[in-house]
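# Structural overview
Now for the letters of each chain:
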Amino acid sequence: MKLSVIGTGYVGLVSGTCLADKGHDVICVDVDREKVECVNRGESPIFERGLQALLEKNAGKRLRATTDLEAAVRDTELTLIAVGTPFDGVAIDLRFIEQVSRQIGTALVTKSGYHVVVIKSTVVPGTTETVVRPLLEAASGRKAGPDFGLGMNPEFLTEGEAVGDFMAPDRIVIGGIDERSLDAQARLYEGFAGVPIVRCNNATAEMIKYASNALLATLISFSNELANLGAAVGGIDTVDVSRGLETSRYLSSVLPNGERLIAPIHAFLLAGCGFGGSCLPKDVAALVAEGRRRGLKMGLLDAVLRVNATQPGEVVRILENHFPDLSGVRISILGLSFRPDTDDMRESPAIPIVRALQERGARVRGYDPVSAHEARKVFGAEFPLCENLAEALHDCDAAVLLTRWREFEAIPALLAGMSPQPLFVDGRRMLDKTSIERYDGIGL
Ligand code: NAD
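Residues numbered from 1 in each chain as written. Predicted model: local features only at pLDDT ≥ 70, side-chain atom pairs only at ≥ 80, totals over all residues. Heavy atoms only, no water.

Turning our eyes to something else, we now look at the sheet that holds strand S15 (residues 439-441). Taking strand neighbours across the sheet as the criterion, the five strands line up as S12-S11-S13-S14-S15 in an open arrangement whose pairing is parallel. Because the sheet does not close on itself, it has two edges, and the strands there are strand S12 (363-367) and S15. Neighbour-to-neighbour, the strand axes of the sheet open up by a mean angle of 20°, direction not taken into account. Pairing geometry for strand S13 (residues 398-401) and strand S14 (residues 423-426), over four bridges, is parallel. Looking across to S14, one finds that Ala 399 is bridged to Phe 424. The sheet contacts of helix H13 (residues 312-322) involve strand S11 (330-334), S13, S14 and S15, and relative to S14 the element is tilted by about 160°. (Pairing = 2+ DSSP bridges. Helix = DSSP H or I, 4+ residues; strand = E, 2+ residues; numbered from the N terminus. Axes fitted to C-alpha atoms, helices over the stretch in contact; angles between N-to-C directions. Contact = heavy atoms within 4.5 Å.)

As structure tokens, this is what we get:
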């Protein structure tokens, strides 16, 4: 199939590259000329495991990039819209979606064949029908349904595991205004044999994406609130509580050979310093705003966000328990990206934590295996960054783990050789508390 993907960010680039690898002819479109040139050179503009190799394999063959959106639409049968949908502080910001919808509509004026437009970006339920459809129809002078197809295909990939998630999805959700729009998307995913495909209308597809993210965010805030309560009561370790939960029949199953399988959703029941990233915070906020706009209180999801907003403060509180005056205290932040295996620092809990510590006069420095360049953008060029983990652990009063990078498993061994040892604060409860002499953490 010939397809165009508008927006060459995390979702657009990964989707475009993976679909090219599955045999489709893909044109990636972006307004950012640098990104376009990068892709055409076969260089990934973002760090994502496996992406560089896949891009090298397909660039210049089944994958190319351009800034010419209208030509890309005219030269293809189906267009995926994967531009950003940020939260502007009040509601979802549909500026990019609106702009692209008008441009696609204009391109359709001079296109003779049938074309399908599919929203891949995360948009609040109702957007495809009430925002995208009228813009496409007005700009093209054509009618959705008889003249062109309109669908909604939310993306569930997780940054850090984006290529693996896209290539082996747990489900594919496709919404559409009619069978023809749905069938076109089904053809796009023909190469994904055995993956369950959920066919529905566009608003339902939009809601499935929000329901998925809101569920995970709710579990995280639930666990964090209970972990904080356990720490306040005393004598309760959230890790033990979590072990007690995971063996519940709702979260695990026993195989015929007696082996117990823990449901992967249990990972969202581990307490930490809060959720971040480009999706969960903004998607839950957008859903709450949309509910309020429609006269609903949205009390539960509003509380999920409030718990999350205060959770980075728990790390600061733990540090203040040990150093009542943080002024001059040398603190190494281990992990700056919002999750491991990505350089993305958008909404990372590391940001409010570093700022709060700096405001208290602490001497903060950071270490992250891949997001040093992002950290410089966020904290400024003078922000001290360590070259490696060993350097970060040396000459500090406290080391604070904020991202579950696998290489941090080496921390107990590295600390064991040091005397005196710094305080270690586990903001993700990643390491065994008995493996480190001076250990503290969330929910302990
Ligand atoms: P991103 O910011 O990384 O990429 C968006 C891209 O769109 C940018 O490269 C930007 O230059 C480009 N763009 C903006 N306006 C354009 C225009 N008029 N024409 C062409 N290109 C334009 O965003 P992202 O993280 O890829 O997210 C895209 C969408 O996918 C969002 O709705 C997001 O919520 C959703 N989503 C993201 C993830 C994720 O993990 N990042 C996962 C699932 C869904």
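So that's the structure; there's more coming.
As a further point, take the side chain of Glu 206. By the element assignment, Glu 206 lies in helix H9 (residues 202-233). Buried within the structure, Glu 206 lacks any salt-bridge partner; its nearest side chain of opposite charge belongs to Arg 294, at an N-O separation of 8.5 Å. Residues in contact with Glu 206, not counting those within four places in the same chain, are Val 123, Val 124, Pro 125, Gly 126, Thr 127, Thr 128 and Met 152. (Buried < 20%, exposed > 50% of the residue type's maximum accessible area, 1.4 Å probe, protein only. Lys, Arg positive; Asp, Glu negative; His and termini not counted. Salt bridge = Lys/Arg side-chain N within 4 Å of Asp/Glu carboxyl O.)

What follows is about the packing of aromatic side chains. Aromatic rings considered in pairs are described by the distance between their centres and by the relative angle of their planes. By the definition in use, this model includes five aromatic pairs. Between the aromatic rings of Tyr 189 and Phe 192, the centroid separation amounts to 5.5 Å while the plane-to-plane angle is 65°, which identifies the pairing as edge-to-face. Comparing Tyr 189 with Phe 192 shows no difference in burial state: the two are buried. Measuring from ring centre to ring centre gives 4.7 Å for Phe 379 and Phe 383, while their planes differ by 40°; the resulting arrangement is tilted. Phe 383 shares its class with Phe 379; the two are buried. (Phe/Tyr/Trp six-rings, centres within 6.5 Å; stacked < 30°, edge-to-face > 60°.)

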